[in-house]
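The chain contents come next:
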Amino acid sequence: MIIVLKQGTTLEEKRKIIENVEDMGLKVKIMKGASQSILGLIGETAKVEESAFFGSPHVEKVVRIKVPYKMASRAFHHTDSVIRVGKHNIGDGSLTTIAGPCCIESREQLFTIAAEVKRSGAHILRGGAYKPRTSPYSFQGMGEEGLKLLREAGDQFDIPVCTELMSTDEFELVESYTDIIQIGARNMQNFSLLKKLGSTQKPILLKRGMSATIEEFLMSAEYIMASGNPNVILCERGIRTFENYTRNTLDLAVVCAIKELSHLPIIIDPSHATGRWELIEPISKAAVAVGCDGLMIEVHHEPDKALSDGPQSLKPEKFAKLMNRVRHIHDVCHEEKKTSDTESVAILHAVI
Ligand code: PEP
Ligand code: MN
């Protein structure tokens, strides 16, 4: 529910209305419109009648938000959220690239890949230390030793790092080493893990569950935000369908849907979405063309020897080419707002 206050409402009058709302057991998020104050009500608003606020002479209107997510919704935050990671901004209209191996395997492996992706212009280095493997007999990750290597590589190559947190047990440890905490698809609805993320302000990369609807995806973001951490980056990595030629089915429409429903940035992970390295570049181009805020791409210098996800890992030289090509598409799509449609289509044809 949103309460729009009349122009000229004094701070004292606004404070009284907020107290009134808090007495109902709700929290208030203060937002500023062009000329008015807007109060966003957070909590169990279903039982609250709009008429409860009509008695106040300072209330212009009361709008009920129909979607169950509040803090994650566009209605609560009209402008795009920009998430800062080190010196880099995610969601400010630029294209963020997160790249690196699926899992950290050794110092030599991580540092070789880190040097390559940094050289190609990646903004964030990824690497898993705790891996959610389907088989308990597959490599489970290097644990803390891997986290230490990741931090060291990040510092050496001056690039922020991102790694997956699988359980509340490792929260403090993972949080102390990484710049972005990744929550994997399998944990998207691990609600105790999501609530724990409210105790940090570090950005959370929340991956879409493999059978989650867009509403469930946003409700998971809401869990993190309602727990106290507004810094959520959404990541689409494909959903489970009957198709099994590709590892998952990439839902590209989610980018446009999220842009309408939410203010949070959304990035695309073509690696897990397709499971095939040869599809990464064309799918990345399509993702950038529909307006995603970034890409997360698995890169390995020796994919044949990778301990996980080799078939979907790009070799560094292929990644470098992809970076140049998606940059062009991103520029054209941004330019599109300023130039005529015909002109941008012609440029787009030239670069695809
Ligand atoms: C990963 O990014 O390495 C990963 C395991 O991804 P997902 O959770 O999307 O399967
Ligand atoms: Mn992987």
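Residues numbered from 1 in each chain as written. Chains lettered and ligands numbered in written order. Predicted model: local features only at pLDDT ≥ 70, side-chain atom pairs only at ≥ 80, totals over all residues. Heavy atoms only, no water.

### Notes on the overall build of the protein chain
The helix and strand tally for the protein chain stands at 11 helices and 14 strands. Against the globule reference of 20 Å for 352 residues, the protein chain gives a C-alpha radius of gyration of 22 Å, in line with a compact fold. Its C-alpha atoms give the protein chain principal-axis dimensions of about 70 × 55 × 40 Å. In the protein chain, buried positions account for 51% of the 352 residues. Partitioning the contacts of the protein chain with sequence separation of at least 6, the portion at a separation of at least 24 is 67%. Accessible area of the protein chain: about 16100 Å², with a carbon and sulfur share of 53%. For the protein chain, the separation between the mean place of its 43 positive charges and that of its 46 negative charges on side chains is 1 Å. (Helix = DSSP H or I, 4+ residues; strand = E, 2+ residues; numbered from the N terminus. Rg over C-alpha atoms; globule rule 2.2 N^0.38 Å. Buried < 20%, exposed > 50% of the residue type's maximum accessible area, 1.4 Å probe, protein only. Contact = heavy atoms within 4.5 Å. Areas by Shrake-Rupley, 256 points an atom, 1.4 Å probe, with all protein chains shown as cover. Lys, Arg positive; Asp, Glu negative; His and termini not counted. Charge placed at Lys NZ, Arg CZ, Asp CG, Glu CD.)

### Let's talk about the sheet that holds strand 2 (residues 27-32)
Sheet architecture is open: four strands sit in the order 2-3-1-4, paired in antiparallel fashion. The outermost strands of the open sheet, each flanked by one partner alone, are strand 2 and strand 4 (59-63). When strand polarity is set aside, the average angle formed by the axes of neighbouring strands in this sheet is 20 degrees. By the bridge criterion, six bridges tie strand 2 to strand 3 (residues 37-42) in an arrangement that is antiparallel. For Lys 32, the partnering residue across the bridge sits in strand 3 and is Ser 37. (Pairing = 2+ DSSP bridges. Axes fitted to C-alpha atoms, helices over the stretch in contact; angles between N-to-C directions.)

### What to know about the side chain of Asp 293
Checked against the element boundaries, Asp 293 lands in the loop between helix 9 (277-289) and strand 14 (294-298). Sequence-distant contacts of Asp 293, defined by excluding residues within four places in its chain, comprise Gly 91, Ser 94, Leu 95, Thr 96, Lys 259, Pro 265, Ile 266 and Ile 267.

### Notes on the coordination of the manganese ion (ligand 2)
The protein atoms that coordinate the manganese ion (ligand 2) are Cys 102 (SG), His 272 (NE2), Glu 298 (OE) and Asp 309 (OD), at distances spanning 2.0 to 2.4 Å. The sequence pattern describing where the donors of the manganese ion (ligand 2) fall on their chain is C-x169-H-x25-E-x10-D. Highlighted residues: Cys 102 in the loop between strand 7 (96-100) and helix 2 (107-119) and His 272 in helix 8 (residues 270-274), separated in sequence by 170 residues. Judged by its relative accessible area of 8%, His 272 is buried. (Donors = N, O, S within 2.8 Å, 3.2 Å for Na, K, Ca; no water.)

### Some words on the packing of aromatic side chains
Taken as a whole and judged by the stated rule, the model has two aromatic pairs. When the ring of Phe 111 is compared with that of Phe 157, the centres are 6.0 Å apart and the planes differ by 65 degrees; the resulting orientation is edge-to-face. Taken together, the residues span a long stretch of sequence, with Phe 111 in helix 2 and Phe 157 in the loop between helix 3 (144-156) and strand 9 (161-164) at a distance of 46 residues. Taking the ring centre of Phe 111 as reference, the NZ or CZ of Arg 107 above it sits at 5.1 Å. A cation over a ring is seen here: Arg 276 above Tyr 245, with NZ or CZ 3.7 Å from the ring centre. (Phe/Tyr/Trp six-rings, centres within 6.5 Å; stacked < 30°, edge-to-face > 60°. Lys NZ or Arg CZ within 6 Å of the ring centre and 35° of its normal.)

Bear in mind that shape data such as this cannot, by itself, settle questions of function.
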